[in-house]
Amino acid sequence: MNRALFGQTWRAQGIKLALVSAALAIWGFLMPVIYAQFGSQFRAILESGILPAQFAKLGGGDIFTLPGAIALSLIHPIAIILTSVFSVGFSATAIAGERQRGTLEVALARPIARQIFYRTLLAASFSFVAVTVTVLLAGGIAGAAFAGVTGELPIRHFPLLWLNAILLFGAIAAMGLAASSSFDRVAPALGVTLGFVIVMYFLEILGSLWPAAAPLQPYSLFHYLRAKAILLGTPVFLDDGLLAAVIVAGVVWALVVFPRRDLAAPS
Amino acid sequence: MPPIRALESLDLAVAEGEIFGFLGPNGAGKSTAIRLLLGFLHPTAGTGALFGLDIVRDSVAIRRRVGYLPGGIALYDSMTGERLLDYLGELSGRRPVRRAEWCDRLELSSATLRRLVRDYSRGMRQKIGIIQALQHDPELAILDEPTEGLDPLMQRAFYDILDSLKAEGRTIFFSSHVLSEVERVCDRVAIIRRGQLITTDTVPALLARRKRNVDMRVSGPPPRLEGVPGVSSLTAADGRVTCRVEGDMRPFLAAIEGAAIIDLTIQPAHLEEAFLEFYEGADA
């Protein structure tokens, strides 16, 4: 890893990371509070049969239990959009953006192997993902404390949940960086990564709302974010293994493709 | 899209301590050659070495000893000039020991360096480009169109920097379209076209080889220049004789001796014409 590149990447993303982290912390904070305030009412509405039962478990999360609320805070579109600022936005533009601007050759004219350049940006991507996931979960813990429901919070399972979430968003970041290392322009790298995430998310949500589409869920990476199961003490380690395998695939792709690419003069 | 053949049979050697000019029209392969040397491109055939190191296998070790100014350099616009130079220096892993000296000579003040790069003029960006390439005192500087955007005063300051580097034994590989500056600063020149090396020679030798334009007015019969060694494109009418003379001037001067010459102009050799002649020759 190159310390100068890593440090500069953090400096460049610092304000954005602070803003996204603040938003995620607030979002994480709100879910336990909403659960504490309205969970029983929502449960009553659901049990009345007005709403289909599927609405109670969007992407594996719900609003009737604290673990469900924490899980919902991770899989909700707001959380996905906010975390995607880095897992998609940063990773997909990290190399392709430098290439498009023409600054990649200024950086690579230095004694940095392309593998080191990539690995440094990968480390930066994962560090951003780690920060965003950490503040989101920390917000949830703070919200639970604020709402006075800490007793229902299985804190001991949080490290596993943290790891599971980092593996999911890390897998997305690894795919984004693999795309970024493969294209000369931002648009295709971002388009491929964003398309990948949207399709994955659509499959997961469609499967959770429509039983007939449930068989499609295993094709979605989001399906392997098992937040509620982890918090209820029933983690599926194979899921973590699968997410890790996706990360490895993305990393191997980039490490094979990027150092071998011919970087012609920017047009 | 059919594959593009970029560069082909270039064969080039640059000696340590010389300023080497690399000339060619757009698309000749200058940038391709430079990008091969720095590892941006991978050769499909052939080999290359800098400092005796293989350009593919030892690319990182080579770049540790090289300073590079890309043509039309792109910079990180959101940084200040100072921060940019710091950052690129950190990436180089070598202290920017000569930054202050080059900033001073290129009149880049501390106040200017504290401004954001996005606010810089074209000339200031080019100065930053030159400084980032030379601030760590590289053994070899590869400069692609280095005076692009510099005003004449700064061009002169830059030539002085090159003179200093040459005096210190540094090697400069210099790609340019501005032939007058190549003539001004380079020891040797390579001319390439469509990936082929047309010639490599010292600037004086290139100039000596080129044809000179001769224009004379005579009051009597024109001198007999047919068949004189080195003379070509001869025209004589209405007391005016024009021709081109290549190489040794003595046969020509002997042939015009005794002629009633009223006026005689022999245009000085410029590299630009030599350059064009080489291209014309290559086209033929």
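Peer 1: Report on the overall build of chain B, specifying residues and quantitative values.
Peer 2: Counting secondary structure elements, chain B contains 11 helices and 12 strands. Projecting the C-alpha coordinates of chain B onto the three principal axes gives extents of approximately 75 × 45 × 40 Å. Within chain B, the proportion of its 284 residues that are buried is 48%. Computing the positive centroid from 35 side-chain charges and the negative centroid from 39, chain B places the two 4 Å apart.

Peer 1: Could you give me a rundown of the sheet that holds strand S4 (residues 66-69) of chain B, with the residues and numbers involved?
Peer 2: Two orientations exist for strands paired in a sheet by backbone hydrogen bonds: parallel and antiparallel. Residue and element names in this part refer to chain B. Spatially, the 6 strands line up as an open sheet ordered S4-S5-S6-S1-S7-S8, and their pairing is mixed. Only two strands of the sheet have a single neighbouring strand rather than two, namely S4 and strand S8 (196-202). The mean angle between the axes of side-by-side strands here comes to 15°, regardless of whether they run parallel or antiparallel. Taken together, the 5 bridges between strand S1 (residues 19-23) and strand S6 (residues 171-176) define a ladder with parallel strand orientation. Its bridge partner being in S6, Phe20 is matched across the sheet by Phe173. Helix H1 (residues 30-37) contacts S1, S4, strand S5 (140-144), S6 and strand S7 (188-193) of the sheet and is inclined by roughly 150° relative to S5. Across the face of the sheet, helix H7 (residues 152-167) comes into contact with S1, S5 and S6 while running at roughly 150° to S6.

Peer 1: Please provide a residue-by-residue account of the pattern of salt bridges, values included.
Peer 2: Residues and elements named next belong to chain B. A complete count under the given rule lists 21 salt bridges over all chains for this structure. Across the salt bridge formed by Arg65 and Glu139, the nearest N and O atoms sit 3.0 Å from each other. Linking Arg65 in the loop between helix H2 (59-63) and S4 with Glu139 in the loop between helix H6 (122-134) and S5, this pair joins segments that are 74 residues apart in sequence. Look at Arg65 and you get partly exposed, because its relative accessible area is 26%. Given the relative accessible area of 33%, Glu139 is considered partly exposed. A network of salt bridges, in which partner residues are shared, links Arg98, Glu101, Arg105, Asp137, Glu168 and Arg170.

Rules used throughout
Residues numbered from 1 in each chain as written. Chains lettered and ligands numbered in written order. Predicted model: local features only at pLDDT ≥ 70, side-chain atom pairs only at ≥ 80, totals over all residues. Heavy atoms only, no water. Helix = DSSP H or I, 4+ residues; strand = E, 2+ residues; numbered from the N terminus. Buried < 20%, exposed > 50% of the residue type's maximum accessible area, 1.4 Å probe, protein only. Lys, Arg positive; Asp, Glu negative; His and termini not counted. Charge placed at Lys NZ, Arg CZ, Asp CG, Glu CD. Pairing = 2+ DSSP bridges. Axes fitted to C-alpha atoms, helices over the stretch in contact; angles between N-to-C directions. Contact = heavy atoms within 4.5 Å. Salt bridge = Lys/Arg side-chain N within 4 Å of Asp/Glu carboxyl O.

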